[in-house]
Amino acid sequence: MIRIRTLIFAALLAVIWPLQISASDSTLERWPEGDHIRVHDPLGLAAEEAEKIYDTLLDRMVAGYAKSGLDHVDYRAWRRLNRAPYISDQHGARFVNVYINDVAVDFFSASDEQQMAVGSVVIKDSISAVESGGIARGPLFIMEKMPAGFAPDFGDWRYTMIMPNGKLFGMTGGTGSRSVEFCGECHLQVAPRDHLFELPEEYLKIAE
């Protein structure tokens with residue numbers, strides 16, 4: 001019986017051991033086929049380590065969001081403004097990444113007087129991390145500048161939130177509209193910048 005147990009343990013170890021992958025010195029452990037990623041110190045991740053985790057999850061994140069059937073859910077070819085994921089308190093203390101479409105060229109100069117052009121889209125995807133080290137895909141947050149009069153209290157931005165499995169949590173003026181009112185209310189803090197939060201300078205990606 002002991003020999004059988006030893007053989008079983010050895011077989012399991014042979015399967016599990018190759019699947020433990022390090023971002024740097026065992027910072028990251030992950031298993032394929034799913035979001036089962038664990039890090040030893042998620043809030044203390046170096047930018048390079050966070051970027052490796054993001055690279056691991058990105059395709060699956062987009063595939064999940066795409067199940068919503070909505071526009072703008074495959075943003076991988078868009079301009080990314082940050083060089084690595086950073087923690088956003090406004091988005092549940094998740095690690096986020098910011099992308100803009102070709103219309104949103106005035107992102108950095110936007111103001112009350114110089115508002116973003118209609119059709120500008122700003123996207124934040126996200127990764128959830130907990131103190132225990134668990135990391136998983138988070139929601140997708142979309143801001144789209146709509147024609148004047150769409151939502152004047154919120155700068156005519158349409159807010160959309162899509163869950164990792166593609167379920168629509170809410171969209172301004174559409175399904176679950178009341179569920180995303182908090183998005184518009186939060187962005188009122190930066191109304192003088194056309195409701196756009198700035199990125200932390202240390203994470204800004206130098207224009208290519």
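The rules behind these values
Residues numbered from 1 in each chain as written. Predicted model: local features only at pLDDT ≥ 70, side-chain atom pairs only at ≥ 80, totals over all residues. Heavy atoms only, no water. pLDDT = per-residue confidence, 0-100. Contact = heavy atoms within 4.5 Å. Helix = DSSP H or I, 4+ residues; strand = E, 2+ residues; numbered from the N terminus. Buried < 20%, exposed > 50% of the residue type's maximum accessible area, 1.4 Å probe, protein only. Core = buried A, V, L, I, M, F, W, Y, C linked by side-chain atoms within 4.5 Å.

The subject of this paragraph is the confidence of the model for the protein. Residues at a pLDDT of 70 or more form 76% of the protein, whose mean pLDDT is 83. When the criterion is pLDDT under 50, residues 1-36 qualifies, and its contacts beyond four places in sequence or with other chains add up to 38 contacts.

This brings us to the environment of I127. On the secondary structure map, I127 appears in strand β6 (residues 121-129). For I127, a relative accessible area of 3% puts it in the buried group. Here the alpha-carbon distance between I127 and R94, two residues 33 residues apart in the chain, equals 5.7 Å. Discounting residues that sit within four places of it in the chain, I127 has contacts with Y54, L57, M61, R94, F95, I135, A136 and G138.

Our next topic: the nonpolar core. Among the nonpolar cores identified, the biggest contains 23 residues, and F107, M116, V122, Y159 and L196 are the most heavily contacted of them. Of all elements in the fold, only β5 (94-100), β8 (140-145) and β9 (157-162) reach the threshold of two or more residues within this core. With residues up to four places along the chain from it excluded, the contact list for F107 reads L81, I100, M116, V122, R193, L196, F197 and L199. Core analysis: the second largest hydrophobic core is formed by 20 residues, Y54, L58, I127 and I135 among them.

A few words now on unusual backbone geometry. Here D194, not a glycine, exhibits a phi torsion of approximately 55°, which is positive. Mapping D194 onto the fold places it in the segment after α3 (181-187). The class for D194 is buried, based on a relative accessible area of 1%. One non-glycine residue with positive phi stands out, namely H195, at about 70°. Topologically, H195 is positioned in the segment after α3. Among the residues examined, H195 registers a relative accessible area of 6% and is labelled buried.

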